[in-house]
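Geometric and topological summary
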Amino acid sequence: MSGVSLVGVSKSYGSVKALDHVSIDVCPGELLALLGPSGCGKTTLLRCVAGLERPDKGNVEIGQRDMTLVPTRDRPIGMVFQSYALFPNLTVRKNISFPLEVRRRPRKEIDERVDELLDLVRLSEQAERYPKQISGGQAQRCALGRALAANPEVLLLDEPLSALDALVRGRLRDEIRRIQQRVGITAIYVTHDQSEAMAIADRVAVMNHGRVEQIARPDEIYDMPATQFAATFVGSRNAVELDVRNGRVAIPGAFDIPAPEGTGSRAIAFFRPEDVRVSGPATSNGREAVGMPARVELKVFLGSTTRLHLVGQNGAGPISLYSDLPSHSAREIDEGALVHVEIDPALVQAFPL
Amino acid sequence: MAVDAATSRPPATELLGARRAGEATLSRVAKSLFFGAALFYLCVPMVAVLIYSFSTRWTANVLPDGYTLEWWQQTLSNPRIQSAFSTSVMLATLTAIIDIAVVVPAAYWSRVRNPHIRPVVELAAAIPFALPYIVIAFGLMQFSGIAAPQYQGTFALLVAGHAAIAFPFVYWAVDGAMAAAGIERLSETAEACGASPFQIVRRIVIPNISPGLVTGGLLSFAASFGEFAMAQIIGRSLDTVPLWSAEMIRSYSDTAGSYNRLAVVTLLTFLLLFALSAVVVYWNRGQTVRLLPGAGAARTGDGR
Ligand SMILES: Nc1ncnc2c1ncn2[C@@H]1O[C@H](COP(=O)(O)OP(=O)(O)OP(=O)(O)O)[C@@H](O)[C@H]1O
Ligand SMILES: [Mg+2]
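Residues and elements named next belong to chain A. Within the secondary structure layout, Leu167 lies in helix H5 (residues 166-183). The exposure class assigned to Leu167 is exposed, which follows from its relative accessible area of 63%. Spatially, the C-alpha atoms of Leu167 and Thr232 are 26 Å apart, while their sequence positions differ by 65 residues.

Residue and element names in this part refer to chain B. Running from N to C, helix H5 (residues 79-113) and helix H10 (residues 183-192) cross one another at 85°; their axes reach a closest spacing of 9 Å. With respect to their mutual orientation, H5 and H10 come out roughly perpendicular. Contact residues: Tyr108, Arg111, Val112 and Arg113 in H5; Ile183, Glu184, Ser187 and Glu191 in H10. The residue makeup of the contact of H5 with H10, split by class, is three nonpolar, one polar and four charged.

Once that is clear, we can look at the domain arrangement of chain A. All names here are of chain A. Here the domain parsing of chain A yields domain 1 (4-225) and domain 2 (236-352). Here domain 1 and domain 2 have C-alpha centroids that lie 41 Å from each other. Surface buried jointly by domain 1 and domain 2 totals about 460 Å² across both partners, of which 39% is contributed by carbon and sulfur atoms. If you sort the residues of domain 1 by the area they bury against domain 2, Tyr222, Met224 and Pro225 come out on top, with a joint share of 89%. Counting every contact that joins domain 1 to domain 2 gives zero salt bridges. At the surface where domain 1 touches domain 2, the tally comes to four residue pairs in polar contact (both at pLDDT 80 or more). Of the residues assigned to the side of domain 1 that touches domain 2, the class counts are four nonpolar, no polar and one charged.

Residue and element names in this part refer to chain A. Pairing is antiparallel in the open sheet, where five strands are placed in the order E13-E12-E11-E14-E20. Both outer strands of the open sheet, strand E13 (255-258) and strand E20 (349-352), are each paired with one neighbouring strand and no more. Here the strands of the sheet are splayed against their neighbours by 35° on average, with no regard to which way each runs. The sheet contact formed by strand E11 (residues 238-245) and strand E14 (residues 266-271) spans six bridges and is antiparallel.

Residues and elements named next belong to chain A. Here four strands make up an open sheet; going across it, the order is E2-E1-E4-E5 and the pairing antiparallel. Edge positions in the open sheet fall to strand E2 (16-26) and strand E5 (65-66), since each of these has one partner strand only. Of the pairings in the sheet, the one linking strand E4 (residues 57-62) to E5 comprises two bridges and is antiparallel in character. From the neighbouring strand, Glu61 faces E5, where its bridge partner is Asp66.

Here the focus is the packing of aromatic side chains. Tallied over the entire structure, the rule returns ten aromatic pairs over all chains. Pairing Phe270 of chain A with Phe351 of chain A gives two aromatic rings, centres 5.9 Å apart and planes at 65°, and the pair type is edge-to-face. In this pair, Phe270 of chain A sits in strand E14 while Phe351 of chain A sits in strand E20, placing the two residues 81 residues apart along the sequence. Phe351 of chain A carries the same exposure label as Phe270 of chain A, and that label is buried. For the pair Tyr171 of chain B and Trp172 of chain B, a centre-to-centre distance of 5.0 Å together with 75° between the ring planes defines the contact as edge-to-face. The exposure class assigned to Trp172 of chain B is buried, which follows from its relative accessible area of 15%. An aromatic cluster is built from Phe85, Phe221 and Phe225 of chain B, whose rings are joined through pairwise contacts. Between the NZ or CZ atom of Arg146 of chain A and the centre of the ring of Phe87 of chain A, over which it lies, the distance is 4.7 Å.

This part covers the domain arrangement of chain B. Residue and element names in this part refer to chain B. Here chain B is described as being made up of domain 1 (12-68) and domain 2 (71-302). With twelve residues of domain 1 at the contact, the number on the domain 2 side is 13 residues. Between domain 1 and domain 2, the buried area comes to about 1200 Å², and carbon and sulfur atoms account for 71% of it. For the interface between domain 1 and domain 2, the tally reads zero salt bridges. Where domain 1 touches domain 2, the interface holds one residue pair in polar contact (both at pLDDT 80 or more). When contributions to the side of domain 1 that touches domain 2 are tallied by element, the ones reaching two or more residues are helix H2 (10-23) and helix H3 (28-54). Top element by residues in the side of domain 1 that touches domain 2 is H3. It accounts for six residues. Across the side of domain 1 that touches domain 2, the residue classes tally to seven nonpolar, four polar and one charged.

Parameters at a glance
- Residues numbered from 1 in each chain as written.
- Chains lettered and ligands numbered in written order.
- Predicted model: local features only at pLDDT ≥ 70, side-chain atom pairs only at ≥ 80, totals over all residues.
- Heavy atoms only, no water.
- Helix = DSSP H or I, 4+ residues; strand = E, 2+ residues; numbered from the N terminus.
- Buried < 20%, exposed > 50% of the residue type's maximum accessible area, 1.4 Å probe, protein only.
- Axes fitted to C-alpha atoms, helices over the stretch in contact; angles between N-to-C directions.
- Parallel < 35°, antiparallel > 145°, perpendicular 65-115°, else oblique.
- Contact = heavy atoms within 4.5 Å.
- Nonpolar A, V, L, I, M, F, W, Y, C, P; charged D, E, K, R; others polar.
- Domains from an automatic or database assignment.
- Buried area = accessible area lost by both parts, 1.4 Å probe.
- Salt bridge = Lys/Arg side-chain N within 4 Å of Asp/Glu carboxyl O.
- Polar contact = N/O pair within 3.5 Å; in protein donor to acceptor, adjacent residues only side chain to side chain.
- Pairing = 2+ DSSP bridges.
- Phe/Tyr/Trp six-rings, centres within 6.5 Å; stacked < 30°, edge-to-face > 60°.
- Lys NZ or Arg CZ within 6 Å of the ring centre and 35° of its normal.

See below:
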């Protein structure tokens, strides 16, 4: 098994820096998800690995071998594109056998391998159909089979599910993962859907403006985004802009943490809705409630959880934030009620503004 | 009777006319009226020629004085006409083959590998439309006189000339078919599958643009078959159908039946091209042939 390394890869289109000094190591057998908003350079990066684009600077290595100048067809890669790029003039079987036929493998070997692949991607029954005659999900499975046909060392997938509807997407995502693990192939998976990235990847690389902002395991990215961008892009978070006072960032009553390095007069604090602790409506029995007082503006039932839209009063002005509670504990809280809000300081991250 | 215009253009016009009518949102009646009028307009000259080819004498009256098969027999057994026909068919076939062989790789290259040269290729594909053929023919003759005098007046030079003026028909048809098929994407996919450029063109490009190939081939065949100006300047010693027809017209001798034989030849030409068009329509059934540059470009912007 071989990994993939990008070393200081840059690529510009005119004045647009699609990739800006990107260095990534994909370990052998690993599935790395490239996650980022539209136009951040994910496709460009993938195309550089495939050799469909030539980097302006930097090197691409596959399994320790420098591939920067190797033409696409000599690279040990298989590729699945966003929209079904099946050959319309070939049947499912012929599409899958194409990489083997252009390599002039013996007929018998081709037939055996294609049967095996048809089985792997569960298309044996559709083998003689043309691309026009199969569904979108089947088309992408066929594309996957074709990408794996010649036993490549690296599998490249560019938003393979984005043209499919939600139900098929989830199923096929898990299937791609299953197949990738069964084959044990190194894979790079481009997506702009964070839940897809989290669900499928061993590690996620968060990209923005042609740079890699963070590479980490999905749970690490989820819990501890390294940059402000990663924090906003991954998961839904509360983002509160606050003044810095005496080197500390705080919502009085709710949390109080040291300001991050390099902070000026303002900072932005991120925390997850599920980490916002809400203590029930302030009671008049004299017991001192802890936390920042806040009013429930809106209560949205989401099934297992309920989301509260809160407006807190901390003296300096109203602060809007969300809280997600298990639905059963939100039952007693009504819209308009006054509650108290607290956040574990260890779960708050602040970045300079 | 303008032989070359009448023989080479109707098939193409008819294809377009039919499609236009299909697209129109006119009411049924208006549609059939329009279609009927178009059909009438296209058919009357051919019907007149048909009747003339069977008539003994047709001068003063609405209909001919009498009918005969003589002209058809004479024409079909005339060795000179036979040889003109076979020369023209050879010429047009070679022209179409050469143009396809040159244009497919060139269009593929300019579309997929080096989009920078597209403006140059497109300009080259517009020049034969902009310059009168006679000017091009003269230029070619002058040039060959300097560069290769031994080829002057030969069949080979005429083939080269026809290939030069007919290639835009193939280019636009092929280029449109490539746009419609999304060749850039298919080509990249094939490359990622490990295919060489030759394998890509043979196994992926050609099968997916066959409607454009057939259409382009027919158009260039027709253009070459009916071409007169260049044939007259370059291939004076040769006998093509248009050259023979022009001679018949010039040698005004209606009594000898040369106009009737001309009508027969015109009809034969029409039938030949019509049969080829029918093949094209059959081949392309169910597919939209895009002859216009840039058609289908909306499909190329995916994935980014
Ligand atoms: N061939 C090209 N010519 C000019 N600019 C390009 C080209 N390809 C990409 N770009 C630009 O480079 C940047 C990165 O593009 P890229 O396709 O890699 O984004 P992406 O992350 O894949 O986006 P998406 O999620 O929308 O697919 C964009 O700003 C894009 O406009
Ligand atoms: Mg993309």
